[in-house]
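Architecture at a glance
Listed below are the residues making up each chain.
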Amino acid sequence: MNSADCKSEFRVEKGDLPHLTDAIHIPAVFHCKQRSICDGLEGPGTVCAAETYKLSLQIQRYDSTFSKTSFCFELITNEVIDFIYDKHCHLVTEWNRDVLSSVALQQYAETISRKGSPLNNCFGFIHGTVRPISRPGNGQRIVYNGHKQVHGLKFQSMIALPNGLIGNIFGPVEGRKHNAGMLADSGLLNNMGNFAFSLAGQPVCVYGDPAYPLRIHLQAPYRQGCLTQQMEDYNKAMSEVRVSVEWLFGDIINSSKFLDFKKNLG
């Protein structure tokens with residue numbers, strides 16, 4: 001497979017695959033419970049391939065790309081995903097002191113401020129997203145989201161950073177869960193109260209939509225009502241820089257088609 005085909009099939013440059021396996025500490029061999037085996041380079045490749053295409057298209061590509069049946073391919077993919085999650089999930093589910101250090105937070109805030117943010121201490125954005133799923137046989141009300149009018153699972157990007165990374169994520173939770181409820185369950189505000197400070201010791205914050213409460217480390221737009229022109233200008237300016245959060249989720253779904261649950265139903 002040449003470099004162009006590798007990038008198309010796996011979303012990774014051919015020469016970067018060995019570096020990827022080293023970076024995430026992939027073992028030399030994966031052993032599945034039903035005794036299927038794949039080497040350390042093939043394992044991450046199966047995950048990249050699985051995420052690239054819709055489920056209906058994956059089955060057509062398994063036998064042609066890998067010398068394994070689609071059933072074996074799926075078992076290996078799940079094995080590798082479980083390994084990566086167990087070993088590295090803390091990097092995004094907990095406070096990452098490398099990505100979210102005081103030095104980095106100050107740099108993020110300065111970058112967002114240069115883009116037109118009225119807040120000079122905002123280092124990222126918080127946002128919830130609903131991923132539609134098929135209607136379940138049981139517990140339909142639990143996963144039904146009235147705002148989007150779909151059955152789904154909710155995820156919350158706790159900190160979408162200006163460098164394109166997600167600094168912290170929480171979920172999935174049931175579709176009916178309110179954003180403020182996810183915020184409380186995640187414990188993010190407690191972490192920010194302990195770690196979200198600039199080099200000068202000043203608190204820095206994330207910015208969310210009106211569904212979130214106002215806190216020292218969490219800011220939101222002025223609510224609807226009798227708004228002054230200055231308030232409206234503030235809301236507009238913050239909305240323009242916050243739209244990057246929507247792009248972030250869109251980029252993930254566009255590059256990893258398998259994650260688009262709703263389209264996989266077809």
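Our subject is the structure listed above.
The model shown is predicted, which means the values in this text are computed figures rather than measured ones.

What follows is about the overall build of the protein chain. The secondary structure content of the protein chain amounts to twelve helices and eight strands. The buried share of the protein chain, taken over its 266 residues, is 39%. In the protein chain, 58% of the contacts between residues at least 6 apart in sequence involve partners at least 24 apart. With the model as given, the accessible surface of the protein chain reaches about 14900 Å², and the carbon-plus-sulfur share is 53%.

A few words on the environment of Asn145. Structurally, Asn145 is set in strand 4 (residues 144-145). Through-space distance from the C-alpha of Asn145 to that of Val130 is 7.9 Å; in sequence the pair is 15 residues apart. Once you skip the residues sitting within four places of it in the chain, Asn145 turns out to touch Val130, Val150, Lys154 and Gly175. A polar contact of 2.7 Å, which involves the side chain of Asn145, links it to the backbone nitrogen of Lys148.

Bringing the environment of Pro118 into the picture now. In this structure, Pro118 sits in the loop between helix 7 (102-114) and strand 3 (122-132). On the basis of relative accessibility, which here comes to 43%, the residue Pro118 falls in the partly exposed class. Apart from the residues within four sequence positions on either side, Pro118 is in contact with Tyr234, Ala237 and Met238.

Moving on, we get to helix 9 (residues 179-186). Think of an α-helix as turning once every 3.6 residues; residues three or four places apart then point the same way. When helix 9 is considered as a whole, its buried residues turn out to be Asn179, Met182 and Leu183. Burial along helix 9 is one-sided: seen end-on, the buried residues are contained in an arc of 105°. Buried residues along helix 9 sit against strand 3, strand 5 (150-160), strand 6 (166-174), helix 10 (188-195) and strand 8 (218-219). Note on helix 9: the residue one or two positions beyond its end, Gly187, has a positive phi of about 75°.

This part covers the pattern of salt bridges. Enumeration over the complete set of coordinates arrives at two salt bridges. Between Lys177 and Asp185 there is a salt bridge, with the nearest N and O atoms lying 2.8 Å from each other. Salt-bridge contacts for Asp209 lead to Arg242; the nearest nitrogen and oxygen are separated by 3.8 Å. Taken as a pair, Asp209 in the loop between strand 7 (205-207) and strand 8 and Arg242 in helix 11 (residues 229-242) lie far apart in primary sequence, 33 residues in all. Classification of Asp209 as buried rests on a relative accessible area of 18%. Among the residues examined, Arg242 registers a relative accessible area of 13% and is labelled buried.

Reading guide: rules and limits
Residues numbered from 1 in each chain as written. Predicted model: local features only at pLDDT ≥ 70, side-chain atom pairs only at ≥ 80, totals over all residues. Heavy atoms only, no water. Helix = DSSP H or I, 4+ residues; strand = E, 2+ residues; numbered from the N terminus. Buried < 20%, exposed > 50% of the residue type's maximum accessible area, 1.4 Å probe, protein only. Contact = heavy atoms within 4.5 Å. Areas by Shrake-Rupley, 256 points an atom, 1.4 Å probe, with all protein chains shown as cover. Polar contact = N/O pair within 3.5 Å; in protein donor to acceptor, adjacent residues only side chain to side chain. Arc of directions from axis to C-beta. Salt bridge = Lys/Arg side-chain N within 4 Å of Asp/Glu carboxyl O.

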